[in-house]
Amino acid sequence: MEINNINTLGELNASGYKSKSIKDELRNNLREKIKSGNPVFDGVHGFENTVIPELERAILSRHNINLLGLRGQAKTRLARKMVELLDEYIPFVTGSEINDDPLNPISRFAKDIISEKGEATPISWLHRNDRFFEKLATPDVTVADLIGDVDPIKAANLKLSYADDRVIHFGMIPRANRCIFVINELPDLQARIQVALFNILQEGDIQIRGFKLRMPLDMQFVFTANPEDYTNRGSIVTPLKDRIGSQILTHYPETVAIARTITEQEAKLDAEQEELVYVPGLAKDLLEQISFEARESEFVDNKSGVSARMSITAYENLLSTAERRALRAGVDKTSLRLSDFMGIIPAITGKVELVYEGEQEGAAIVAQHLIGDAIRTFFPIFFPKIEKLEKPNEKTPYTDTIEWFFTESGFELLDDCSDAEYKKILDGIKPLDVLLKKYQPELPAEDHYFMKEFILWGLVEYKKLSKDRFSEGYEFKDIYGSYISKL
């Protein structure tokens, strides 16, 4: 439809335009996308066989929706993607505060102007990107904020009594008429405020200050909430839950590969940073595994969840750590090191909620444990598993590496050492080359040094070597030599 040529109600009628409710818009456009095979919620990964089919069924059923899940599970992202299922433009009566449909006006303003001007009533067009409203539920939200209230200033200016409905100042929900309206963290909304939503959800109308006012709003509600047992801050009142058509459970990525796709998509990196720092694939997988370890850790409150934002910010910190080192060294290219993972600790400590035992350990120590757990999980994937119990004097794939440390008394790896020095140190440990050649013969050459360091960190996690942190870097030593030196 050429909307530039339609500026009055008469022109709209002549065009043959038919009004649709917002739920019918969503339903019809979703049907077309499904039939054409086009992706509906592109950019949302890991929900293809779980959340998205349920969400599509809810839209086809014309339901209001509650997305229930822990933090960082793309609940708001899903709600925002629904905008793409709306018609590109819809007409509304020019000047209407609540986007009145010219063919089905509901406000006094729109009815009066159509009664006065008839076919000459001016209309405007609303783009779908302007049809998304979002409100974070907080304890201080009032009925007036959401629904509306009498405006004494408007009454004085218009010289109207408080009994006249023209003195009403509409709240956010009426102003979002014919739009998608999202209320985030619904349990935070006080129970009495939730009660005010009953009529809107069931009958589609509003009540303000006792006015005999029926305004059949046309809206698509999407609520988001954490599980009710997450905190004691509140819950969704039962009658409100009863009025929400579909409750859909979200979840975290189920595999490292999916989590990695999300992180690479969402991380805010610039071209210079990506060009400067080479990141081995193993480093990206290790980073994602840290979140998986956190969700299972005895130190982390798993009821609060571990947001996908942790991996995203940690990845940004990881590249910035390597970038900073390269800038200080004055080089144009560097490769990520495993020791750079210490730079992501600030991104972890602010994203995990610790239980009592975790608080006793300290957030930074817990973050180091999570990094170590991720290394321990991945190590047997690339190299032979290290058994807890080994026969005395039995030769293992790692015997030569461990004996090298016993003979050479270990080495220091400084955080800011140059790439040349870093490679020289690792090249000096000849048994590492043997391990790589035997167990990772097809490893890309650019990943060799990261994998060498990975072997050392893995041996530390399996208590075959010791690793001590000092102010400028790490010292790797034979575990028994380290013990003897402390005596």
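Look above for the structure.
Overview of the structure.

What counts and how
- Residues numbered from 1 in each chain as written.
- Predicted model: local features only at pLDDT ≥ 70, side-chain atom pairs only at ≥ 80, totals over all residues.
- Heavy atoms only, no water.
- Axes fitted to C-alpha atoms, helices over the stretch in contact; angles between N-to-C directions.
- Helix = DSSP H or I, 4+ residues; strand = E, 2+ residues; numbered from the N terminus.
- Parallel < 35°, antiparallel > 145°, perpendicular 65-115°, else oblique.
- Left-handed = near helix turned anticlockwise from the far one by under 90°.
- Contact = heavy atoms within 4.5 Å.
- Nonpolar A, V, L, I, M, F, W, Y, C, P; charged D, E, K, R; others polar.
- Salt bridge = Lys/Arg side-chain N within 4 Å of Asp/Glu carboxyl O.
- Buried < 20%, exposed > 50% of the residue type's maximum accessible area, 1.4 Å probe, protein only.
- Pairing = 2+ DSSP bridges.
- Phe/Tyr/Trp six-rings, centres within 6.5 Å; stacked < 30°, edge-to-face > 60°.
- Lys NZ or Arg CZ within 6 Å of the ring centre and 35° of its normal.

### Observations regarding the packing of helix 19 (residues 399-408) against helix 21 (residues 430-439)
Move 1: With their axes 8 Å apart at the nearest point, helix 19 and helix 21 run at an angle of 165° to one another. Considered as vectors, helix 19 and helix 21 are oriented roughly antiparallel to each other. For the pair helix 19 and helix 21, the crossing hand works out as left-handed. Seen from helix 19, the contacting residues are Asp400, Thr401 and Trp404; seen from helix 21, they are Pro431, Leu432 and Leu435.
Move 2: Across the contact of helix 19 with helix 21, the residue classes break down as four nonpolar, one polar and one charged.

### A few points about the pattern of salt bridges
Opposite charge on two side chains makes pairing possible when the charged atoms of those side chains draw close.
Move 1: The tally for this structure, following the rule as stated, stands at 20 salt bridges.
Move 2: The salt bridge involving lysine 284 is made with glutamate 264; its shortest N-O contact spans 3.2 Å. Highlighted residues: lysine 284 in helix 14 (residues 281-296) and glutamate 264 in helix 12 (residues 256-266), separated in sequence by 20 residues.
Move 3: Look at lysine 284 and you get buried, because its relative accessible area is 19%.
Move 4: Across the pair aspartate 415 and arginine 469 runs a salt bridge whose closest N-O atoms are separated by 2.7 Å.

### Comments concerning the pairing of strand 2 (residues 89-93)
On a regular strand, each side chain points to the face opposite its neighbour's, so the side chains alternate between the two faces of the sheet.
Move 1: Counting buried positions along strand 2 yields four of five residues, so the element is predominantly enclosed.
Move 2: Pairing between strand 2 and strand 3 (residues 123-127): five bridges, direction antiparallel. Opposite phenylalanine 92, over in strand 3, you have serine 124 as the bridge partner.

### Some remarks on the sheet that holds strand 9 (residues 246-249)
Move 1: Ordered in space as 4-7-8-1-9, the five strands form an open sheet in which the pairing is parallel. Strands at the two margins of the open sheet, each flanked by one partner only, are strand 4 (132-136) and strand 9. Averaged over all pairs of adjacent strands, the angle between strand axes in this sheet comes to 20°, irrespective of strand direction.
Move 2: In this structure, strand 7 (residues 180-184) lies alongside strand 8 (residues 220-225), joined through four bridges in parallel fashion. Across the sheet, isoleucine 180 pairs through a bridge with glutamine 220, a residue of strand 8.
Move 3: Contacts between helix 3 (residues 51-60) and the sheet are confined to strand 1 (65-68) and strand 9, with strand 9 contributing the most and set at about 170° to the helix.

### A look at the packing of aromatic side chains
Move 1: Here the structure, examined in full by the defined rule, presents 14 aromatic pairs.
Move 2: A centroid spacing of 5.7 Å and a plane angle of 5° characterise the contact between phenylalanine 221 and phenylalanine 223, whose relative ring orientation is stacked. Per residue, the accessibility class of phenylalanine 221 equals that of phenylalanine 223, and both read buried.
Move 3: Aromatic pair phenylalanine 411 and phenylalanine 476: ring centres 5.4 Å apart, planes at 20°, arrangement stacked. Here phenylalanine 411 is found in strand 12 (residues 411-414), whereas its partner phenylalanine 476 is found in strand 14 (residues 473-478), with 65 residues between them in sequence.
Move 4: In this structure phenylalanine 476 comes out as buried when scored by relative accessible area, which is 1%.
Move 5: The ring of tryptophan 457 is capped by lysine 467, whose NZ or CZ atom sits 4.5 Å from the centre of that ring.

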